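A look at the structure
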Amino acid sequence: MRTRWHCALAGAILLGGCAEEEAAVSRHPGAFLTKEDAAARSLRVDNVTYALDIALDGEAAEYAGQVRIGFDLAPGAADAPLTVDFAGGTVASVSVNDEQVGDPRYNGFFLVLPAAKLREGANVARIAFSHPYSKDGNGLYRFRDPVDQRDYLYTNFEPYNQNRLFPSFDQPDLKARFSTIATAPADWQVISVVPESEVTEEGDRRRWVFPESPPISTYIYALHAGHYRQWDAMAGEIPLRLFARQSLAGYVVPEHWFPPTQQGFAFFERYFDIPYPFGKYDQVIAPHFNAGAMENLGAVTFSERFLRRGAITRQARRSLASVILHEMAHMWFGNLVTMDWWNGLWLNESFASYMAHLAMLEATEFTDDALNAFRSKVRAYRADERDTTHPIEMPTPTTDDAFANFDAITYSKGAATLNQLRNLVGPDAFREGVSAHLKDRAYDNAAIDDFLGAISAAAGRDLSDWSKEWLHTPGTNSVAVEFECEGGAISDAVVEQGAPDAWPTLRMHRTQLGFYRFGADAEVRTLPIVYAGIYTPVEAARGLPCPDFVFANHGDWDYARATLNPAALDQLGQHLDAFEPLMRSMLWQSAFELVNDSAIAPLAFVDFALAHMGREPKDEVFGQALGLLQSAWSYHRRLGEEEAVVQDAKRLEAHLWGAFEESVAGSDRRLMLFDAYVGTAATGAALSALDNLLASPTGLPDDFELDQDRRWSILRKLAGHGVDVAERLAAETARDPSDQGESSALTVRAARPDPEQQTIHVEQLLDPHQAGLKVAEARSIAGGLFPSNQRELQLAIVPQVFAALQSVSDNVDPSYFGAVTGGLLGTICDAGYLEQLEAAIADSADLHPSLRKRLLDMRFDVRRCLAIGETMGRG
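Note that the coordinates shown come from a computational prediction; the quantities given were computed from them, not determined experimentally.

Reading the values: the criteria
Residues numbered from 1 in each chain as written. Predicted model: local features only at pLDDT ≥ 70, side-chain atom pairs only at ≥ 80, totals over all residues. Heavy atoms only, no water. Helix = DSSP H or I, 4+ residues; strand = E, 2+ residues; numbered from the N terminus. Rg over C-alpha atoms; globule rule 2.2 N^0.38 Å. Buried < 20%, exposed > 50% of the residue type's maximum accessible area, 1.4 Å probe, protein only. Contact = heavy atoms within 4.5 Å. Areas by Shrake-Rupley, 256 points an atom, 1.4 Å probe, with all protein chains shown as cover. Lys, Arg positive; Asp, Glu negative; His and termini not counted. Charge placed at Lys NZ, Arg CZ, Asp CG, Glu CD. Pairing = 2+ DSSP bridges. Axes fitted to C-alpha atoms, helices over the stretch in contact; angles between N-to-C directions. Patch = residues over 30% accessible without salt bridge, like charges linked within 9 Å, V, L, I, M, F, W, Y side chains within 5 Å. Salt bridge = Lys/Arg side-chain N within 4 Å of Asp/Glu carboxyl O. Core = buried A, V, L, I, M, F, W, Y, C linked by side-chain atoms within 4.5 Å. Disulfide = S-S within 2.5 Å. Parallel < 35°, antiparallel > 145°, perpendicular 65-115°, else oblique. Nonpolar A, V, L, I, M, F, W, Y, C, P; charged D, E, K, R; others polar. 1 Å grid on protein atoms, 1.4 Å probe; cavity = no way out; pocket = protein on both sides within 12 Å on 5 of 7 lines; lining within 4 Å. Points joined across faces, edges and corners; volume = space filled by probe spheres on them.

A tally of helices and strands in the protein yields 28 helices and 29 strands. Its C-alpha atoms give the protein a radius of gyration of 28 Å, within 12% of the compact-globule value 29 Å for 875 residues. Dimensions of the protein along its principal axes, counting C-alpha atoms only, are 90 × 70 × 55 Å. Counting only residues that meet the buried cut, the protein has 59% of its 875 residues in that class. Pairs at least 24 residues apart make up 73% of the contacts formed inside the protein by residues separated by at least 6 positions. Accessible surface for the protein amounts to roughly 32,800 Å². Of this, 49% is attributable to carbon and sulfur atoms. The protein carries 77 positive and 120 negative side-chain charges, and their two centres are separated by 2 Å.

Here the focus is the sheet that holds strand β8 (residues 121-132). Strands belonging to one sheet form pairs held by backbone hydrogen bonds; the direction of such a pair is parallel or antiparallel. What the eight strands build is an open sheet, ordered β5-β4-β8-β2-β1-β11-β14-β13; its pairing is mixed. Among the strands making up the open sheet, the edge pair consists of β5 (99-101) and β13 (198-202). On average, each strand axis in the sheet is inclined to that of its neighbour by 15°, with strand direction left out of account. Note: strand β2 (residues 62-73) against β8, twelve bridges, orientation antiparallel. When the sheet's bridge partners are listed, G70 is paired in β8 with V124.

A surface patch of negative charge is lined by D340, D440, D449 and D450. Assignment of secondary structure puts D450 in helix α10 (residues 448-459). Given the relative accessible area of 30%, D450 is considered partly exposed.

This next bit is on the nonpolar core. Core analysis: the biggest nonpolar cluster contains 148 residues, and F71, W332 and F451 have the highest contact counts within it. Excluding its chain neighbours within four sequence positions, the residues that come into contact with W332 are F265, F268, E269, F272, I274, P275, Y276, P277, V337 and L438. Counting 90 residues, the second largest nonpolar core, distinct from the first, contains W588, A719, V748 and I868.

Within strand β20 (residues 299-303), five of the five residues are buried, which leaves it mostly tucked inside the rest of the structure. A two-sided burial pattern is seen for β20, the buried positions comprising A299, T301 and S303 on one face and V300 and F302 on the other. When strand β18 (residues 281-286) meets β20, the two strands line up parallel, connected through five bridges. Counted as the bridge partner of A286 is S303 from β20. Sheet topology places strand β19 (residues 293-294) next to β20; two bridges connect them, and they run antiparallel. Directly across from A293, in β20, lies its bridge partner F302. What sits between β19 and β20 in their antiparallel hairpin is a turn of four residues, with G298 showing a positive phi close to 65°.

Under the defined criterion, the tally for this structure stands at 55 salt bridges. In this structure, D691 engages R728 in a salt bridge whose closest nitrogen and oxygen atoms are separated by 2.8 Å. With a gap of 37 residues between them, D691 in helix α18 (residues 684-695) and R728 in helix α20 (residues 726-735) connect regions that are remote in the sequence.

The next thing to look at is the state of the cysteines. For the coordinates displayed, the defined rule picks out two disulfides. Linked covalently through their sulfurs, C485 and C546 form a disulfide whose S-S length is 2.1 Å. Around the S-S axis, the bridge from C485 to C546 shows a dihedral of about 90° and counts as right-handed. Taken together, the residues C485 in strand β23 (residues 478-486) and C546 in the loop between β27 (535-537) and β28 (549-551) connect sequence positions 61 residues apart.

The interhelical angle for the contact between helix α15 (residues 619-639) and helix α28 (residues 849-871), taken along N-to-C directions, is 70°, at an axis separation of 10 Å. When the axis of α15 is compared with that of α28, the two are roughly perpendicular. Residue-level inspection shows Y635, R638 and L639 of α15 in contact with α28, the latter providing R864, C865, I868 and G869. Among the residues making up the contact of α15 with α28, the classes are represented as four nonpolar, one polar and two charged.

What follows concerns empty space enclosed by the protein. Under the counting rule described, the total for this entry stands at five cavities of 30 Å³ or more. A volume near 150 Å³ is recorded for the largest cavity. Around the largest cavity sit 15 residues that line it, and M339, G344, L347, A446 and A447 are the ones nearest its centre. Sorting the residues of the lining of the largest cavity by element identifies β21 (337-339) and α5 (345-363) as the ones contributing at least two each.

Attention now moves to helix α14 (residues 602-612). Structurally, the α-helix is built with 3.6 residues per turn, so residues lying three or four positions apart point the same way. Of all eleven residues in α14, eight are buried, a share of seventy percent or more. If you check which residues of α14 are buried, you get P602, L603, F605, V606, F608, A609, L610 and H612. On its buried face, α14 sits against α12 (569-575), α13 (581-596), α15, α16 (642-662) and α28.

The following block contains the structure:
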C-alpha cells in the first residue's frame, strides 16, 4: 500500500536508526517520487549542477562512477536532512561540504544528506556509486549484438529513471547544468547532450570530456556509448549526426532521416522565432529501445522499429518523419521550457504532436498529413470512451501516476484540443502566443496557466471557460445535423451535441459542416460554425440546396464523434469517390464505428469493405480501410458460427490474394495486401500456400521479394495454427542470426499450441526478473502467445495470471506490464473470463496505476466484444 513514510514507522529499518533528529525524513520510501515530496524539495534547493565521472565497458555487470552535486539551500532550509534519488545501486561513499558521511543512509531508493553537514547557500555533495546495467531499458541499458559481438549503451529516463544512472534530484523543476567525463573502450563512440570538448587516449580506453550543459531537467539528460556507426549532415549551421549499430547500417537510409530533420529546423526556428538553442543535434537509433523515441536534449533516441529490412512504404517514411519532427519540437517546448511537474505531461507531448503535424503540412513532402492526424485522433476517441479516460489536465500525485498517463488522451486528444484552440483564436494569435511563452520562460519551468496566459494575451480573449470545458473534463461529445427541406432547399438546420452519461460536459466547438449532393448536380458546400449546448440553430444553412448527405465535421476541424446512420452505408459506398481523401478516411472510420457500437454485424462491414475499397485511389486511405477490414474480420472470426466462418474465410483469403496479384508491381498497395493476406490466413489451403512460399517463393509475382521480416511473419502464423515448423524454424534461425532473428524465433516458439511450453512462458512473464528476461525478450514472447484460435489454452492459464497480479505489481518494473497483460490476458470474448476480470479489478486497489489501468481497458474491450456478439445473435 502507498502510505507516507514517517521515521517512527520505517526509518529504523530503512535508514539505520531514528535516534538523531536528522534521520526523521518525511518521504515515501518507494520507487516513485510524490508531487508533495518534490514540491517540498524544490522550495529548499536551487542552482543545481552535476559533474559526473563514469567508467563504461562491455563486460562488467555494473558500472561505477562519482558525481559532484552542487546546489544552494534557501534560508532556513539547512536544518533538516535532504534526500538524493538513486534507485537500485550501491553507495560507496558520501561527503558533504568536504566532510565525510561515515555511514551513508541509503534505502535502495534514495540516500540522505544529514542536516548537520548542510548549510544555507552553496553546498557540494560528492557521491561514489555503482549500479548494474539495466535489463528493462530504463536507466543505462547495454546491448551486445549477436551478429558481431559489438556493444551499444544508451540511457532512458522519463519520467523518473535518471536516478538509476547516478544520484540526483530527479524532478523536472530542479533544472541543472550537467558536465560529464566518461571513459570507455577506445573504439567506442560516446554521445551526450553537448558536444565533447576533449577526447584523450588512456591505453586501450579513451576519456571523453563533455563541458557544462545549459540548465535542463534530469529526464532529458543522456549518455550513449558503443560501436555506433555515424552519418553526418548540416541543418543550416546546426551539425547533425545519425547513429545506428554496425550490423544494421545497411538498412539505414540517411535520405529518410536528414531531409525531414533539416526541414523541421527551418520550420521551427521560423515558427517559434527562436534559433535552435542547443548547438548540435544527434539522433541515435538504439537497440531494444522501449518507446518509439525520446527527446533527450540534442541526443534523441529512436527505436530500431523505424529501420525496415525490406521494402519501405511511403506510410512508413511518413511515420518516421512525424516522429522526427515530434521529438524536434520538444527541443523548444519541453526542453527549453519544461513542465514543472508531470501533470503538465499532456501539454509537453500533445504540443509536440501538434507542431509535428503543422511542420509536416508546411515543410515536408507529406502535405497530406491531415490523414495521419485524423488516425491519431481516432486513437484519442478510443481512449476517451473508456472507463480509464481522464481530463487532459489532471492531478498527478506520483511519478507512477505519470507513467500511467502516457496514453492517447495525453498525446492525441491533447493535440486535437490544441487544434481547437488554434481554430478558436486564429493561427496568427496562436503562433504569437506560443513564441511569447517560449521566450518568456526560456531555460525555466512553466505550468498550463503560463501557456494559456500567453495565448490569451496574444488573442485578446479570456480562455478560462474554454480551459474548464476542454482541459478539466473527460469524454468525447457526439455531433449530428438535423435538417428539413422545402422546395428543394434547406428550410431548417440544427446542430445537436451529445455527451455520454458518465461525462456529460457539453463544450463550445468550432467545426465545419459539409453538405453533399450526388449525381448529375453533384457539389460540396461547407459551412464553418461555432456550436455550444445541446442545440445550435444553423441560420446560414437555410436556402442551401437540399443535400443527399450531411457530415458535421467536414475537414476534421472538430474533436467530436460525427455519427453515421447505418442506412446511409449503401449510399456512401456508391459515392465514396465524390469525397476528398480526408473525408473518405473519416467516412471509412465512421462506418467501422457502427461495428463497435453494435449497430451492424462485423461481417456487414467486411462485405462493405470488400465491395468498395478496391476503388480507393489513395494508398493511405486504402491501407486504413484494409486495417479496418481486418479488425472487423477479427470480431467475426472470434464470434461467428464455425462453419460459416470457414466459408467466409475462404472468400476473404481469395479476395485478398487476387487483389495482391492484380496490384501494381512495386507498389505500397502490393505490400499491404500481402501482409493482410498473411494476417488473415486461417484455412488449411491458405496455410499450406504460405508454407510453400517459405520453401520456394515461385508462387509470388516476379517483382515481389519475400524479405526476412515477412518470412518470420509467415512462420509465426503457421506456428500459431499448430503447423509443425521445427525444420522451418531451424532454417530461418540459421538464415537470420541477428537480434531481430532471435526475437522472431522467440515469438514463433511461443506461438505454438504447446501447453507445456506455454506454462514455462507464463512463469517467465510473471517473474521476468527471476527468469532474466529483458523487456524486449518479454515482448517477443508475448507477441506470439495465445493467438485467438488458442482461446481454450489461454483460458486455462488465466486464473494463475490473475492470482499473480499483485506480485507482478509489487516486484516487476512497469515496462513489463504490457507483455504480461497483452501476452497472458487481453481481450478474450468469454463471459467467464469477464467474471474473473471483474473480480481482479475489484481487488486491484493496491496495484500499480498503470497495471490497474490495463485491467480496466481490457474489461471495456471484453464487454464491447461480447456486446458485438449479441448483435450477431450470440448471447
